[in-house]
Amino acid sequence: MRSHSSFIHNFPDALVYWITSATLLVATAGAFAQQASGDSEHARQGKSRSVTDISLGIFGQSTPARTLTEINPFRDGIAFDQTTQATSSSAGGLLTFHQSFKPWLGYNVNFGYSRFSEKYSQGMYFPNPSTPTNPISSFTYGSIGENMYELTGASVVQGPRAKRVETFFQLGGGALSFLPTQNPSPYWVVFRPVMIFGTGINYSLSRHWGLRAEYRGLFYKTPAFSGFRQANSDVPTVKLFTITSEPTISVVYRFGRKK
């Protein structure tokens with residue numbers, strides 16, 4: 001029973017690692033395939049089918065609150081130990097390098113940054129059956145400012161397209177790093193593996209310039225700054241899986257695109 005529970009607990013982490021590894025393998029294999037076929041493709045068509053672009057965008061970051069509740073025996077009843085972690089909404093910046101090595105398949109490399117506050121609460125609630133109108137509860141609250149940095153890679157599959165509009169889907173992984181703003185010391189950096197997924201639309205303005213609108217989702221385990229003290233109290237330690245939503249608008253520059 002213990003081994004089964006351990007597997008369920010560690011499965012999301014394993015999923016993130018597998019998706020990240022698969023993304024790197026797809027990108028590497030695609031790059032080698034493109035290089036191997038590039039000369040013959042040029043000779044046959046005079047132009048390469050690959051598309052390479054770089055984009056710079058802004059996004060809004062939204063992460064829902066996560067709550068962990070544990071039920072424990074307490075005196076003549078049951079106590080509820082509860083830990084909650086919530087993140088304030090914020091804006092951020094995203095730099096993306098994209099290359100397609102097939103008309104329908106390519107990869108992204110993403111560099112992102114955002115700054116926000118993470119709010120914590122931790123405590124205990126006891127209904128106290130002997131005095132129902134006077135339950136026992138004790139909670140501590142705190143918040144901590146954080147810088148979040150993203151380095152991810154994703155496989156990109158092209159969807160339906162029109163003359164100026166292209167749709168795409170992406171799935172991949174990488175790493176997030178969290179650094180407190182109150183004490184920006186490397187000692188307090190927390191790293192988390194992350195899975196990235198999303199969909200979007202590219203709109204061509206000209207041969208080289210375009211716009212990109214996309215939804216990006218980040219699936220990861222929240223950071224825990226064990227031992228970090230804020231306002232003369234320890235920040236509660238919590239590690240809960242969550243999803244950060246990042247709707248993003250970017251300006252895109254394409255290199256050597258065909259007319």
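Just so we're clear, the structure is a prediction, and the values are computed from it rather than from any experiment.

Draft legend 1. Summary view of the overall build of the protein. Within the protein, the regular secondary structure consists of 1 helix and 12 strands. Sequence-ordered secondary structure for the protein, helices as α and strands as β, is α-β-β-β-β-β-β-β-β-β-β-β-β. Per-residue burial over the protein gives 41% buried out of 259 residues. Within the protein, counting contacts between residues at least 6 apart in sequence, those at least 24 apart form 69% of the total. Total accessible area computed for the protein in this model is approximately 14400 Å², and 63% of it derives from carbon and sulfur atoms.

Draft legend 2. Here's a closer look at the pattern of salt bridges. Per the stated rule, a full pass over the model turns up 3 salt bridges. For D53, the salt bridge identified is with R212, shortest N-O distance 3.3 Å. Of the two residues, D53 sits in strand 1 (residues 51-61) while R212 sits in strand 9 (residues 209-221), which places them 159 residues apart along the sequence. R212 shares its class with D53; the two are buried. A salt bridge links R216 to E246, with the nearest nitrogen and oxygen atoms 2.4 Å apart. With R216 in strand 9 and E246 in strand 12 (residues 241-255), this residue pair connects regions lying 30 residues apart in the sequence. The burial state of R216 is the same as that of E246; both residues are buried.

Draft legend 3. Inspection of the pairing of strand 9 at higher detail. As paired elements, strand 8 (residues 190-204) and strand 9 share 11 bridges and run antiparallel to each other. By the bridge assignment for strand 9, G200 is matched with E214. Linking strand 8 to strand 9, which pair antiparallel, is a turn of 4 residues. The pairing of strand 9 with strand 12 spans 13 bridges and is antiparallel. When the bridges of strand 12 are listed, Y215 appears paired with P247.

Draft legend 4. Spotlight on the nonpolar core. By size, the foremost hydrophobic cluster in this structure holds 15 residues, and its most contacted members are M148, L176, F178, L218, Y220 and F225. Residue assignment for this core shows that the elements contributing at least two residues are strand 5 (105-126), strand 6 (136-161), strand 7 (165-180), strand 8 and strand 9. When sequence neighbours within four positions are dropped, the list of residues in contact with M148 reads G112, Y113, S114, F116, L176, S177, F178, L218 and E246.

Draft legend 5. Highlighting the packing of aromatic side chains. In the structure shown here, the tally under the stated rule is 8 aromatic pairs. Taking the centre distance of 6.4 Å and the plane angle of 55° together, the rings of F197 and Y215 count as tilted. Here F197 is found in strand 8, whereas its partner Y215 is found in strand 9, with 18 residues between them in sequence.

Draft legend 6. Spatial organisation of the pairing of strand 12. Pairing of strand 1 with strand 12, which is carried by 8 bridges, proceeds in the antiparallel orientation. Within strand 12, the position partnered with F59 by the bridge is T248.

What counts and what doesn't
Residues numbered from 1 in each chain as written. Predicted model: local features only at pLDDT ≥ 70, side-chain atom pairs only at ≥ 80, totals over all residues. Heavy atoms only, no water. Helix = DSSP H or I, 4+ residues; strand = E, 2+ residues; numbered from the N terminus. Buried < 20%, exposed > 50% of the residue type's maximum accessible area, 1.4 Å probe, protein only. Contact = heavy atoms within 4.5 Å. Areas by Shrake-Rupley, 256 points an atom, 1.4 Å probe, with all protein chains shown as cover. Salt bridge = Lys/Arg side-chain N within 4 Å of Asp/Glu carboxyl O. Pairing = 2+ DSSP bridges. Core = buried A, V, L, I, M, F, W, Y, C linked by side-chain atoms within 4.5 Å. Phe/Tyr/Trp six-rings, centres within 6.5 Å; stacked < 30°, edge-to-face > 60°.

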